[in-house]
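Next come the chains, spelled out residue by residue.
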There are 2 protein chains.
Amino acid sequence: MKATARETFRVPSGPVDLSAIDTAGRPIGPKDKTDAARAMGELDARLDARQEALYAEGTAGGTRAVLLVLQGMDTSGKGGVISHVVGMVNPQGLHIASFKRPTPEELSHDFLWRIRKQVPTPGRIGVFDRSHYEDVLVARVDSLVEESVWQARYGQITAFEKELSEQGVTVLKCMLHISPQEQAERLGARLDDPQKRWKYNPGDIDSREKWPAYQEAYAAALERCDSDVAPWFVIPSDRKWYRNWAIAALLAETLDDLAPVFPAPDYDVEEERARLKASVV
Amino acid sequence: MKATARETFRVPSGPVDLSAIDTAGRPIGPKDKTDAARAMGELDARLDARQEALYAEGTAGGTRAVLLVLQGMDTSGKGGVISHVVGMVNPQGLHIASFKRPTPEELSHDFLWRIRKQVPTPGRIGVFDRSHYEDVLVARVDSLVEESVWQARYGQITAFEKELSEQGVTVLKCMLHISPQEQAERLGARLDDPQKRWKYNPGDIDSREKWPAYQEAYAAALERCDSDVAPWFVIPSDRKWYRNWAIAALLAETLDDLAPVFPAPDYDVEEERARLKASVV
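These remarks concern the structure in this document. (Residues numbered from 1 in each chain as written. Chains lettered and ligands numbered in written order. Predicted model: local features only at pLDDT ≥ 70, side-chain atom pairs only at ≥ 80, totals over all residues. Heavy atoms only, no water.)

1. Observations concerning the side chain of aspartate 204 of chain B
All names here are of chain B.
Item 1. Along the chain, aspartate 204 falls in helix H9 (residues 203-208).
Item 2. No salt bridge is formed by the buried aspartate 204; its nearest oppositely charged neighbour, arginine 190, is found at 4.6 Å.
Item 3. If we ignore the near neighbours within four places in the chain, the residues touching aspartate 204 are Asp74, Leu187 and Lys199. (Helix = DSSP H or I, 4+ residues; strand = E, 2+ residues; numbered from the N terminus. Buried < 20%, exposed > 50% of the residue type's maximum accessible area, 1.4 Å probe, protein only. Lys, Arg positive; Asp, Glu negative; His and termini not counted. Salt bridge = Lys/Arg side-chain N within 4 Å of Asp/Glu carboxyl O. Contact = heavy atoms within 4.5 Å.)

Rendered as structure tokens:
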């Protein structure tokens, strides 16, 4: 029996060593771009059908939703996943939230305040482009808060995600894992192409220079906040087409497991057929 | 010179007679589904490129946005346009708002209160699935408010849309124009298919029975709220593929006219290249 994407990419339990996970790996699935394009066609149809049923379920009192959390170093492909994977499903059923540097108002609240406001409502697929994990990543690396504060957040995050799961939100968290060499190429490409320069930020180099500290912070987040109700996945992301395929496969498997069903009508079908027939316009 | 979609579908000035506009017309563009599929491929690429530039502009202090308002009788295809046309662009740059029956809180405010909260921010393409026009459509047909109240709304809407235009939002409003026969077929199809029954609502027949009153209310809205800064377009919508093509073409022309440009970097490219080179990880 073939391994699933959920099994393959799940962060190993126990101490996490990101350097042991190949950023260019292709452990399962397509071996090249052509294979991947074919596979994406099938995944597209599967995602569309499942998402429509989930949405329909949500209109009829269903409580289930999906939340895809995307994290990764600059250029790792969060935006690419939104465009190429999330973009495959009907935008009506999506809720995308991008978390940037917190505003003064956001900072005056608990770190989960702004996050809670963006949790997808029933029937939706929510996508977080960065997330509450920034509060144990940049906050830890740059000492934006005291250590006791960020240390407490791992438990707070786990409790929050458990609560989400209990209210019907299936959470899946993806770390887009790239090598520093790949990042250098992508940053270089952004500087070279006038149509990509807007994506570049001098701060990207500042973060890049803290690569080991970030990898350590990621490892801690993955280790301490992985759970069966809100699992962490590490996605080899040096190849964009493989990253996209892997996340599409994860999403499709997740929706398959949910197996949403189109709701039964809350009206009498025969009666409505008669009303329709009688309605002469 | 070929007529544009903006010229072709713009509501004629003066008194509006919807019965004079063919719901199955194909005045310009593709003549069949195959032609349309080819045309959509080209429009997709055009929309993608323009939308990315508009989004980029918005990240760099630009103030421009686009707002596509979708109105039409039940089954006219508002959801289909969102899935098939709006779904072509990167979801990160979209803001979709569906306006359902107002909540008690919404009703306690001015009718534009909930609308203003959903105006797209700079760089975005906003889509309204139903809109403030419901407040001069169902509100008028079902006498939900006194006549003096809905009569005043045409002017209020025109002023609001002028304000949007002045703040940088390009508004385009599409009425999806279908025949009552086509609606009967589509409602019947929803009743027949267990996967579509969730889209059917017994209230749809109640609205259908008020067809002439709705057409009259639409005509008044189109006549009184059409303006060069927020034009109304009437989209022949009996053929789904034609409707989709027409709106994609309108959107593409609108974005072409805006001609958004990728912003110049606010950093020194050479300096950043040097920093990138020096950053050994």
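2. Here's the deal with helix H10 (residues 211-224) of chain A
Item 1. Look at H10 of chain A: 20 Å from first C-alpha to last across 14 residues, which is about the 20 Å you get at 1.5 Å a residue.
Item 2. Among all positions of H10 of chain A, only Trp211, Tyr214, Gln215, Ala217, Tyr218, Ala219, Ala220, Ala221 and Leu222 of chain A are buried. (Expected span 1.5 Å × (residues − 1).)

3. With respect to the pairing of strand E3 (residues 125-129) of chain B
Residues and elements named next belong to chain B.
Item 1. Here E3 lies mainly inside the structure; five of its five residues are buried.
Item 2. Residue alternation in E3 divides its side chains into two sets, Ile125, Val127 and Asp129 and Gly126 and Phe128, and both sets are buried.
Item 3. Bridge analysis of strand E1 (residues 65-72) against E3 gives five bridges, and the strand direction is parallel. Of the residues in E3, the one forming a bridge with leucine 67 is glycine 126.
Item 4. Two elements, strand E2 (residues 94-98) and E3, share five bridges in a ladder whose sense is parallel. By the bridge assignment for E3, histidine 95 is matched with glycine 126. (Pairing = 2+ DSSP bridges.)

4. Brief notes about the relation of the copies chain A and chain B
Item 1. With an axial shift of 0.0 Å and an RMSD of 0.0 Å, the rotation relating chain A to chain B amounts to 180°. Here the symmetry operator amounts to a two-fold rotation axis.
Item 2. A share of 100% of interface residues in chain A that are also interface residues in chain B marks the association as one of identical surfaces. (Least-squares fit on C-alpha atoms with pLDDT ≥ 70 in both.)

5. Quick word on the sheet that holds strand E1 (residues 65-72) of chain A
All names here are of chain A.
Item 1. Read across the open sheet, the five strands follow the order E2-E3-E1-E4-E5; overall the sheet is parallel. With one partner strand each, in any of the chains shown, strand E2 (94-98) and strand E5 (232-236) form the two edges of the open sheet. Within the sheet, the average angular offset between the axes of one strand and its neighbour, ignoring direction, is 20°.
Item 2. Contacts from helix H11 (residues 240-258) reach E1, strand E3 (125-129), strand E4 (169-177) and E5 within the one sheet, and its direction differs from that of E4 by about 165°. (Axes fitted to C-alpha atoms, helices over the stretch in contact; angles between N-to-C directions.)

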